[in-house]
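# Inside the fold
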Amino acid sequence: MSSTADAALAPEPVADERLANIGLGARLMRRPEVGSLLGALVICAFFWLTTEPFGTLNGIANWTDVGSTIGIMAVAVALLMIGGEFDLSAGVMTGTTGLLMGLLTTEWGLSMWPAIVVTFAFAATVGFMNGYMVIKTKLPSFIVTLATFFVLQGVNLGVTKAITGTVRVAGLGDVPGYDSAFKLFGATFWAPHNFRLSVIWWIAIAALATWVLARTRAGNWIFAVGGDAEAARNVGVPVARVKIALFMTTAIAAALVGIMIALRLSSVQAGQGVGEEFTYIIAAVVGGCLLTGGYGSAIGASFGALIVGMAFIGIQFSGWNTDWRFLFLGVILLLAVLVNNLVRHRAEGARR
Amino acid sequence: MTALVEVRGVSKYFGNVIALKDISLSVDAGEVTCVLGDNGAGKSSFIKILSGVHQHDDGELLVEGEECRFSSPRDARERGIATVFQDLATVPLMSVWRNFFLGSEPTVGKGPLRRIDVKFAQDTMREEMRKMGIDVRDPDQPVGTLSGGERQAVSIARAVYFGAKVLILDEPTSALGVKQSGVVLRYVVQARERGLGVIFITHNSHHAYPVGDRFVILNRGKLVGDWRRGEIDRDELVKKMSGGAELDQLTHELERKLEPT
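Each residue is numbered by its place in its chain's sequence as written, counting from 1. Chains carry letters from A onward and ligands carry numbers from 1 onward, assigned in written order. For this predicted model, a pLDDT threshold of at least 70 governs which residues receive local features, and a threshold of 80 or more governs which side-chain atom pairs are given and counted, while totals over whole chains, interfaces and linings are taken from all residues.

### Some points on the overall build of chain A
For the record, the criterion: Each helix corresponds to a stretch of at least 4 residues labelled H or I by DSSP, and each strand to a stretch of at least 2 residues labelled E; elements are numbered beginning at the N terminus. Any residue surrounded by 20 or more other C-beta atoms within 10 Å of its C-beta is treated as buried, while 12 or fewer makes it exposed and the intermediate range makes it partly exposed; C-beta atoms here are placed from the backbone. Any residue pair is listed as a contact if its two C-beta atoms, each placed from the backbone, are within 7 Å.
The number of helices and strands found in chain A is 15 helices and 5 strands. Split into buried and exposed, the 352 residues of chain A put 48% on the buried side. Nonlocal contacts in chain A, meaning residues at least 24 apart in sequence, comprise 79% of its contacts between residues at least 6 apart.

Below is the structure:
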């Protein structure tokens, strides 16, 4: 062993022969979003060929619209999942925030813009509380946000009924500031096909999230806290802050979607958003996010949301009963999880 | 010469459990100090104090002659003490270069356009790894696909690059095979040659003996002995580590049992 000292002084770099054949194919397969891109292409081709309206501009406007509200949420949920956490209250939050904005304006006399600011602030607070509780209690976020989910669902119904006497808040269209808010959050463009502005929001948010993940310190930290929180803490990553910020991001995204939906319909149902949280999670998982955290992409989640949007509208265009979409969601989720599992085994290496 | 790190009479209690009692030790630059001990000897508690995970309850901790108390691992690192934790040092699903710079990412640009300098990070990582004798051809390769020894090398290279003066290695060879352990021991020697003070925690005297300049043995939270290289031979080390007389007794018993009757 005493010879190691001499050998150590001038170590010759040894090329690892096992790394030699990483070609473009293997390199591509390492990207989390590849599976969802292929899936999106297949589903798009299928409905494009089998139904007439799917490939028209009107049809495209239709399914990108469905994809957009799911997509904005799926991107935020994907970031949270990469950070190793879940938010089951993400769906109902779109309802809570829409209702809050509706009540602030129609019942309590605020005009639209101040109400929007209050709504975002409220969402950020709920997100903070979710994150804070998960960090402090060290309970799985699954349970903590399930509690938030039911609390909010109860509040949505209870408060709405108590104040309006019905299960909806209506009349947002008459509130001062509605028109300008609608222009930013709810409008359409490219008449007569009427693409939703939310599609632009979605693309912008997905691009921003991708940049954050790939090129910023915050992105590096998100991968690290989800991949191995202990290792991240050991090298000085502020784990609690990153996770709480992710919960807040998810809640703020939910507020954005809630406001968009409320403005475009000019009313909000008390049951809005319930059950949607699973659609977001499915979109994120189909997009290559691992349920265990530390791996995934915002682009992938967007493709996942696009798949869901295309399937919902495609099934409708095909003239099938729309209930079949749930079966479809279940099947693609299962497929995606199986593929992801394979990917993870290869990426993590068998040694661990 | 002032020692890089010195502890004087340090104790640590967890409730009514005395984890460490009156430990004194100093680490000099360019020396490998091996801290040996069986499971439960207090090795982990000891390095956790040095790395800033725990705070000592009694005694003094001096870094380059100056008394201090670390409030976090980050704090310790800023004073030049880097710890490579056994299995908690890297994030397996992240690429080698992201792991290398995790927590201290180099950035370019200002304000909202501030971003990681990916090219610099990748080049630097490859260069630093080459110094350790490892050619990372694909910087985007996930750390999880590296071997155990190479992963330790990433952590060590990272610590050295970020200006560590003292490198604490927590059982770096315990989960590795014979060949991989040899590789890691080579990194230990290399870090010493670069003038770092190395604290090498292990319960394997065969790994400690070839690389150590100094051997410290802990047993049940107490300092059993402190020898320079040459003052003690390997057999003696093993004996002291496992509580000397106890091992003699055990050998005696085993031999008797195994004797044909």
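### Describing the overall build of chain B
The line we're drawing: This radius of gyration counts C-alpha atoms alone. The globule rule is 2.2 Å times how many residues there are, raised to the power 0.38.
Helix and strand content of chain B: 9 helices and 13 strands. Computed over C-alpha atoms, the radius of gyration of chain B comes to 20 Å, within 12% of the 18 Å expected from 2.2 N^0.38 for 261 residues, which places it in the range of a compact globule. Expressed as lengths along the three principal axes of its C-alpha atoms, the size of chain B is roughly 75 × 45 × 35 Å. Here chain B holds 261 residues, and 48% of them are scored as buried. Once local pairs closer than 6 in sequence are excluded, the contacts in chain B between residues at least 24 apart make up 69%.

### Focus on the environment of Q55 of chain B
All names here are of chain B. With respect to the helices, strands and loops of the structure, Q55 is situated in the loop between α1 (43–50) and β4 (58–63). Among the residues examined, Q55 registers 12 C-beta atoms within 10 Å and is labelled exposed. Residues Q55 and S72, 17 residues apart in the sequence, show an inter-C-alpha distance of 8.9 Å. What Q55 contacts, discounting residues up to four positions off in sequence, is I49 and R69.

### Digging into the packing of helix α5 (residues 90–106) of chain A against helix α13 (residues 276–286) of chain A
Residues and elements named next belong to chain A. Our working rule: To get an axis, a line is fitted to the C-alpha atoms, and for a helix only the part in contact is used. The angle between two axes follows their N-to-C directions and goes from 0 to 180 degrees. Reported orientations rely on four angle classes, namely roughly parallel under 35 degrees, roughly antiparallel over 145, roughly perpendicular from 65 to 115, and oblique for the rest. For this classification, the nonpolar set comprises Ala, Val, Leu, Ile, Met, Phe, Trp, Tyr, Cys and Pro, the charged set comprises Asp, Glu, Lys and Arg, and every other residue, Gly included, is treated as polar.
Their axes nearest at 5 Å, the elements α5 and α13 cross at an angle of 130°. Relative to α13, the element α5 is oriented oblique. Each of A90, G91 and T94 in α5 lies in contact with α13, whose residues at this interface are E276, E277 and Y280. The residue makeup of the contact of α5 with α13, split by class, is 2 nonpolar, 2 polar and 2 charged.

### Thoughts on the environment of Q153 of chain A
All names here are of chain A. With respect to the element layout, Q153 can be found in helix α7 (residues 141–164). When the 19 C-beta atoms within 10 Å are taken as the criterion, Q153 is described as partly exposed. For Q153 and A206, which are 53 residues apart along the polypeptide, the C-alpha to C-alpha distance reads 28 Å. When neighbours within four sequence positions are excluded, Q153 is seen to be in contact with V92 and V274.

### Concerning helix α10 (residues 217–227) of chain A
In terms of residue burial, α10 of chain A counts as a mostly covered element, since 9 of its 11 residues are buried. All buried positions along α10 of chain A are accounted for by G219, N220, W221, I222, F223, A224, V225, G226 and G227 of chain A. Where α10 of chain A is buried, its residues contact α4 (57–82), α9 (197–215), α11 (229–234) and α12 (239–265) of chain A together with α3 (96–100) and β8 (115–116) of chain B.

### Some thoughts on the packing of helix α6 (residues 112–137) of chain A against α12 of chain A
Residue and element names in this part refer to chain A. Defined as follows: For a crossing to be left-handed, the near helix must be turned anticlockwise from the far one by less than a right angle; the clockwise case is right-handed.
As a packed pair, α6 and α12 sit with axes 7 Å apart at the nearest point and diverge in direction by 145°. Two packed elements cross with a definite hand, and for α6 against α12 that hand is right-handed. Among the residues making up the contact of α6 with α12, the classes are represented as 18 nonpolar, 5 polar and 1 charged.

### Quick notes on the pairing of strand β13 (residues 222–228) of chain B
All names here are of chain B. Definition in use: Paired strands, as defined in this entry, are two strands with at least two bridges between them according to DSSP.
The sheet contact formed by strand β12 (residues 214–219) and β13 spans 6 bridges and is antiparallel. Looking across to β13, one finds that L218 is bridged to L223. Where β12 folds back onto β13 in an antiparallel hairpin, the turn is made up of 2 residues, including R220, whose phi is positive at roughly 45°.

### Comments concerning the confidence of the model for chain B
Worth spelling out the cut-off: The quantity called pLDDT is the predictor's confidence in a given residue, expressed from 0 to 100.
When pLDDT is averaged along chain B, the result is 83, and 95% of the positions lie at 70 or above. Of the two predicted TM-score estimates for the complex, the pTM is 0.84 and the ipTM is 0.82.

### Section: the confidence of the model for chain A
All names here are of chain A. Residue-level pLDDT values for chain A average 89, and 89% of them are 70 or greater. Here residues 1–11 is modelled with pLDDT under 50, and outside its nearest four sequence neighbours on either side it reaches 16 contacts, counting other chains as well. Low pLDDT, under 50, characterises residues 16–20; the predicted model gives this stretch 3 contacts beyond four residues in sequence or across chains.

### Some points on unusual backbone geometry
The amide bond that connects A191 of chain A to the next residue, P192 of chain A, takes the cis arrangement and shows omega of 5°. Here P192 of chain A shows up in the loop between β3 (188–189) and β4 (195–196). For E64 of chain B, which is not glycine, the phi torsion reads 50° and is therefore positive. On the secondary structure map, E64 of chain B appears in the loop between β4 and β5 (66–67). The exposure class of E64 of chain B is partly exposed, given the 15 C-beta atoms found within 10 Å.

### Overview of the environment of V118 of chain A
Looking at where V118 of chain A falls in the secondary structure, it is placed in helix α6. A C-alpha to C-alpha distance of 8.8 Å links V118 of chain A and L104 of chain A, two positions 14 residues apart in sequence.

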